[in-house]
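One-letter residues, chain by chain:
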Amino acid sequence: MADEMRLDRKTHRDARLGGLPTSRPTASGKAPEAACAVVLAGGAGTRIRHLYPDLPKPMVPAAGAPFIEWVLRYLREEGLTRFIVSLGHLAAVAENYFACRSADACHVETVREPAPLGTAGALVFAAQTAGRSADPLLLANGDSLVLADLSPAWRLLADESVDGVVVGLSVSDASRYGGLETADDGRLLRFSEKRPGTGLINAGVYLFRRRLLGEFPSGSPLSLEHDVFPKLLAAGARLMVHRCQAPFLDIGTPESIGQAESFVRQHFLTQVAA
């Protein structure tokens, strides 16, 4: 599937996060040197489009920068230095933004999906740009932030028998999100439907060994949760869950997008301002 797609991309080498200050400490663990982060930013954002008709959802402003800027800043602090941003809806807005960013040690590229590919399809497509040397791959969403320490997840992936890791977030209200069911040893058993009350939800951050992409089913669009993970689990893939508690914001609703400014200021800028 992916090899037949034409890459339509713009490369922005050594792009940086606009010189914005941050107060979050550097994570104790580091991502492998060859790791590459794929950040999904191609969705249409239908629930908030009436609020920002001319912006893709990850480009909504928060504390002086697009929301996706803070996603990249968080991942950089977790040790990642190479980023592929996957674009779709209003892609030119994000392409223009990344093209104008100042330089630092990070390497940021954008790829434009030729059609909506789904979460898994977008990962496979972006992995072509990353190249075969990019291994492992981290997948995150450009419209949500979970400020978890990822070093335990990288340690799980250091076990050669582990094919991938899903970040699971313990929350008091799981009604908006799909859940995760795990075995006693932390292995992922299945994804569960949304349900009210406390639970372990899928935080939308994944670590994959590159070899696992070859096991993805064909088809487009292709969903990780509905199309890929059930097939991988049925085939015996060993997928682990990194269970954590961490600040979390998904800007997918009018209510939550109104919290973006205060969330960023509280978790990134508070100590700097003080």
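The structure we're discussing is the one just above.
Since the model is a prediction, treat every value here as computed from it, not as a measurement.

**Considering the nonpolar core**
Then, number 1: Judged by nonpolar contacts, the single largest core of 58 residues is most densely connected at Trp 70, Leu 75, Leu 138 and Leu 145.
Then, number 2: Looking at this core element by element, the count peaks at seven residues for helix H1 (residues 67-77).
Then, number 3: Those residues within four positions of Leu 145 in sequence are excluded, and the remaining contacts are Phe 67, Trp 70, Val 71, Tyr 74, Pro 247, Phe 248, Leu 249, Phe 263 and Phe 268.

**Focus on the packing of aromatic side chains**
How two aromatic rings sit relative to each other is set out by the distance from centre to centre and by the angle between their planes.
Then, number 1: Per the stated rule, a full pass over the model turns up eight aromatic pairs.
Then, number 2: Aromatic pair Tyr 97 and Phe 98: ring centres 5.5 Å apart, planes at 70°, arrangement edge-to-face.
Then, number 3: With a relative accessible area of 2%, Phe 98 lands in the buried category.
Then, number 4: Chaining the aromatic ring pairs together yields one cluster made of Phe 191, Tyr 206, Phe 208, Phe 216 and Phe 229.

**Overview of helix H3 (residues 118-130)**
Then, number 1: The end-to-end C-alpha distance of H3 is 18 Å, a good match for the 18 Å that 13 residues give at a rise of 1.5 Å each.
Then, number 2: Within H3, 10 of the 13 residues are buried, which leaves it mostly tucked inside the rest of the structure.
Then, number 3: When H3 is considered as a whole, its buried residues turn out to be Ala 120, Gly 121, Ala 122, Leu 123, Val 124, Phe 125, Ala 126, Ala 127, Thr 129 and Ala 130.

**Here we look at empty space enclosed by the protein**
Then, number 1: The tally for this structure, following the rule as stated, stands at two cavities of 30 Å³ or more.
Then, number 2: Elements supplying a minimum of two residues to the lining of the largest cavity: H1, strand S7 (137-141), strand S8 (144-146) and strand S12 (199-208).
Then, number 3: Tallied by class, residues from the lining of the largest cavity come to eight nonpolar, three polar and no charged.
Then, number 4: Its volume calculated, the second largest cavity comes out at about 50 Å³.
Then, number 5: Looking at the second largest cavity, the residues that line it are Ala 44, Gly 45, Ile 48, Arg 49, Tyr 52, Pro 53, Leu 55, Pro 56, Lys 57, Val 60, His 89 and Leu 90.

**A word on the pattern of salt bridges**
Then, number 1: Inspection of every chain in the model, using the stated rule, returns 12 salt bridges.
Then, number 2: Ionic pairing is found between Arg 211 and Asp 163, a salt bridge with its closest N-O pair at 2.9 Å. Of this pair, Arg 211 sits in the loop between S12 and helix H5 (224-234) while Asp 163 sits in the loop between helix H4 (151-157) and strand S9 (164-171), placing them 48 residues apart in sequence.
Then, number 3: Accessibility expressed as a relative area gives 13% for Asp 163, which makes it buried.
Then, number 4: Linked by salt bridges that have partners in common, Glu 160, Asp 163, Arg 209 and Arg 211 make up one network.

**Observations concerning the pairing of strand S2 (residues 36-41)**
Then, number 1: Burial within S2 is extensive, with six of its six residues counted as buried.
Then, number 2: Neither face of S2 is open: one carries Cys 36, Val 38 and Leu 40, the other Ala 37, Val 39 and Ala 41, and all of them are buried.
Then, number 3: Judged from the five bridges that link them, S2 and S7 form a sheet pairing that is parallel. Counted as the bridge partner of Ala 37 is Leu 138 from S7.
Then, number 4: The pairing of S2 with strand S5 (residues 82-87) spans five bridges and is classified as parallel. Looking at S5, one finds that Ala 41 is bridged to Leu 87.

**So, the layout of surface pockets**
Over the atoms, a rolling probe the size of a water molecule traces out where space has been left empty.
Then, number 1: Empty space within the largest pocket amounts to approximately 1,200 Å³.
Then, number 2: When contributions to the lining of the largest pocket are tallied by element, the ones reaching two or more residues are S2, H3, S7, strand S11 (188-192), S12, H5 and strand S14 (248-250).
Then, number 3: Examining the composition of the lining of the largest pocket, we find that four residues originate from one element, S12, more than from any other.
Then, number 4: Of the residues in the lining of the largest pocket, the class split is 14 nonpolar, 16 polar and nine charged.

**A few points about unusual backbone geometry**
Then, number 1: Put simply, Asp 135 and Pro 136 share a cis peptide bond, and its omega is 10°.
Then, number 2: Tracing the sequence through the fold places Pro 136 in the loop between H3 and S7.
Then, number 3: The omega angle of the peptide bond from Ser 220 to Pro 221 is 0°, so this bond is cis rather than trans.
Then, number 4: Examined against the element boundaries, Pro 221 turns out to sit in the loop between S12 and H5.
Then, number 5: Of note in this structure, Ala 63 is not a glycine but carries a positive phi near 55°.

What counts as what
- Residues numbered from 1 in each chain as written.
- Predicted model: local features only at pLDDT ≥ 70, side-chain atom pairs only at ≥ 80, totals over all residues.
- Heavy atoms only, no water.
- Core = buried A, V, L, I, M, F, W, Y, C linked by side-chain atoms within 4.5 Å.
- Buried < 20%, exposed > 50% of the residue type's maximum accessible area, 1.4 Å probe, protein only.
- Helix = DSSP H or I, 4+ residues; strand = E, 2+ residues; numbered from the N terminus.
- Contact = heavy atoms within 4.5 Å.
- Phe/Tyr/Trp six-rings, centres within 6.5 Å; stacked < 30°, edge-to-face > 60°.
- Expected span 1.5 Å × (residues − 1).
- 1 Å grid on protein atoms, 1.4 Å probe; cavity = no way out; pocket = protein on both sides within 12 Å on 5 of 7 lines; lining within 4 Å.
- Points joined across faces, edges and corners; volume = space filled by probe spheres on them.
- Nonpolar A, V, L, I, M, F, W, Y, C, P; charged D, E, K, R; others polar.
- Salt bridge = Lys/Arg side-chain N within 4 Å of Asp/Glu carboxyl O.
- Pairing = 2+ DSSP bridges.

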